[in-house]
Amino acid sequence: MKRSVWENIHLVGRDPVRQAVHKATDSTRYPPKRKHVEALIRYTKNDRVPIRRVGNKVLYRAQNGDSWVVVLKALVLQHELIRSGHSNFTRYLSTATGHLDLDGFLDSGPQGLKASVFIRRYCRFLNARLRVYRLLGQDICSSTERLDMSLSQGHQKLMDLLGLLQGLLESILDCVSNREPQVIITHKVHGAFSVAFEMSAQFLQSNFIVEAATRLLLKDALVLYALINTAISNQLEVFFTLNKRASAEVLKAMEQYVTQCKLLDEFLHVCVAASLKQSHNTSLHEAPASLLPKMQAYVQNYIEKTARTPTVGDAAGAGAAATPNRHVSIPREHVEHLAKEQMPYRPLPKHQPKKHTENPVKQQQRLRAQRTAAFAAAPMPFAEDCAWETDTPTSKLRGRKMAEFSYDDVDDDQYVALA
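No experiment lies behind these values; they were computed from the predicted model shown.

**Quick word on the nonpolar core**
Here is step 1 of the chain: Of all hydrophobic cores here, the largest spans 94 residues; its most connected members are Leu75, Phe118 and Tyr122.
Here is step 2 of the chain: Residue contributions to this core peak at 14 residues, all from helix H11 (residues 244-273).
Here is step 3 of the chain: Every residue in contact with Tyr122, bar those within four places of it in the chain, is listed here: Leu72, Leu75, Val76, His79, Cys175, Ala213, Leu216 and Leu217.

Right, here's the structure in full:
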């Protein structure tokens, strides 16, 4: 199929990044050509090319495509650049600028409706992958440094990391699984209607762009499955030594893991039928499904044991004829002795209100005012304390109070000074 006139006009510009993006996301119903994808990968690793130019061109093409072919090819191109491009490209897309919103995308035609359902789910997976990159700081599906899924980093941190990985695998399985044969699509113009969507070998072989996207999803799903399997295996080694809360968290993750393994089995069989994978003879969900009943029984027994364990007050109030619980290792004689024993009355301590703490600044002001008032109300000092202001010898004024003091002993000038 030849390119349209508008696409040829876009290719006239001298921007090599723009030319590569438009050639890789043209309206032909084939996957993006490898030479254009590799050229864009080189541009992401070139220091002379701004990484935001490549990211903005790909995002604009995916957000403003005129058909499902252009939009889906732009999403496949973005997925390829995330996997094989420089990490700065993924870092740029993980910001708020790189968020794509294609939940309202809808195209007409028999293939357009099914492709619209796949595009919506595929876009959610890419957004979830960028969100995980923003939280962890690395792309877990294509990074050369594998995540540490051992128990050395702690139970809670490992469970948080396991939750992120299982959520990312769940978004992949939403794209390729057949859990909803009838999908309800809502559109602000056409309203809500149902579309029959089935991921089968015939659908993949009839749509080459969806087949290319599914091939990339398969690679990411296998990497995520290996990481989740390692984390679950490490948690199973210490499962029967965990407390009630930790064991319940591991059981919940195990139940989700069994469900995801079953859906992943179905997806792998479809990939084998569509010649995307060579062979798949083993069943992924049989081994973990056999361990699930034992784990459920252990957690249920743990909960019942905690609920039936009585306290000392319950045992004392049960009476001498009360039968002790079989889960409690308290002898019967000790329980009867506690029931007959009269406990002394010990009144509870009265509630003492908390003392009000005064503001230090106000406390200093209050103390200063008290000192000023006390100084004003104090009696006059002895005359010997004021003798330094006069020329009268101290020996004459010693032992005389101010009431006995006469101003005749003081000159007029000194009286003015005293006043």
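That covers the picture; the talk isn't over yet.
**Topic: the pattern of salt bridges**
Here is step 1 of the chain: Here the structure, examined in full by the defined rule, presents ten salt bridges.
Here is step 2 of the chain: Across the pair Arg34 and Glu80 runs a salt bridge, and its minimum N-O distance is 3.3 Å. With Arg34 in helix H3 (residues 34-44) and Glu80 in helix H5 (residues 68-84), the pair connects residues that are 46 residues apart, well separated along the chain.
Here is step 3 of the chain: Given the relative accessible area of 15%, Glu80 is considered buried.

**Structural notes on the environment of Phe239**
Here is step 1 of the chain: Following the sequence through the fold, Phe239 ends up in the loop between helix H10 (208-237) and H11.
Here is step 2 of the chain: Phe239 gets classed as buried once you look at its relative accessible area, which sits at 0%.
Here is step 3 of the chain: In the structure, Phe239 is positioned 60 residues away from Val299 in sequence and 10.0 Å away in space, judged by C-alpha atoms.
Here is step 4 of the chain: If near-sequence neighbours (up to four positions away) are discounted, Phe239 is found in contact with Ser247, Val250, Leu251, Met295, Tyr298 and Val299.

**Observations concerning the side chain of Gln235**
Here is step 1 of the chain: As for its placement among the helices and strands, Gln235 is situated in helix H10.
Here is step 2 of the chain: Note on Gln235: relative accessible area 1%, which makes it buried.
Here is step 3 of the chain: Other than its neighbours up to four places away in sequence, Gln235 contacts Leu151, His155, Leu158, Met159, Leu242 and Val250.

**Let's talk about the side chain of His22**
Here is step 1 of the chain: The residue His22 is located in helix H2 (residues 16-24) in this model.
Here is step 2 of the chain: Side-chain polar atoms of His22 contact the side chain of Arg61, separated by 3.5 Å.

**Some thoughts on the packing of helix H8 (residues 155-176) against H11**
Here is step 1 of the chain: Interhelical geometry of H8 versus H11 gives an angle of 25° and a closest axis separation of 10 Å. On the basis of their axis angle, the class for H8 and H11 is roughly parallel. Crossing of H8 against H11: the hand is left-handed. Residue-level contacts link His155, Gln156, Met159, Leu162, Gln166, Leu169, Glu170, Leu173 and Val176 of H8 to Ala246, Glu249, Val250, Ala253, Gln256, Tyr257, Gln260, Leu263, Leu264 and Phe267 of H11.
Here is step 2 of the chain: Among the residues forming the contact of H8 with H11, the class breakdown is twelve nonpolar, five polar and two charged.

**Observations regarding the packing of aromatic side chains**
Here is step 1 of the chain: Under the criterion given, the structure shown has six aromatic pairs.
Here is step 2 of the chain: A centroid spacing of 5.6 Å and a plane angle of 35° characterise the contact between Phe118 and Tyr122, whose relative ring orientation is tilted. With Phe118 and Tyr122 both in helix H7 (residues 110-136), this residue pair falls four residues apart, about one helical turn. For the pair Phe118 and Tyr122, a shared accessibility class is recorded, and that class is buried.
Here is step 3 of the chain: Chaining the aromatic ring pairs together yields one cluster made of Phe239, Phe240 and Tyr298.

What counts, and where the lines are drawn
- Residues numbered from 1 in each chain as written.
- Predicted model: local features only at pLDDT ≥ 70, side-chain atom pairs only at ≥ 80, totals over all residues.
- Heavy atoms only, no water.
- Core = buried A, V, L, I, M, F, W, Y, C linked by side-chain atoms within 4.5 Å.
- Buried < 20%, exposed > 50% of the residue type's maximum accessible area, 1.4 Å probe, protein only.
- Helix = DSSP H or I, 4+ residues; strand = E, 2+ residues; numbered from the N terminus.
- Contact = heavy atoms within 4.5 Å.
- Salt bridge = Lys/Arg side-chain N within 4 Å of Asp/Glu carboxyl O.
- Polar contact = N/O pair within 3.5 Å; in protein donor to acceptor, adjacent residues only side chain to side chain.
- Axes fitted to C-alpha atoms, helices over the stretch in contact; angles between N-to-C directions.
- Parallel < 35°, antiparallel > 145°, perpendicular 65-115°, else oblique.
- Left-handed = near helix turned anticlockwise from the far one by under 90°.
- Nonpolar A, V, L, I, M, F, W, Y, C, P; charged D, E, K, R; others polar.
- Phe/Tyr/Trp six-rings, centres within 6.5 Å; stacked < 30°, edge-to-face > 60°.

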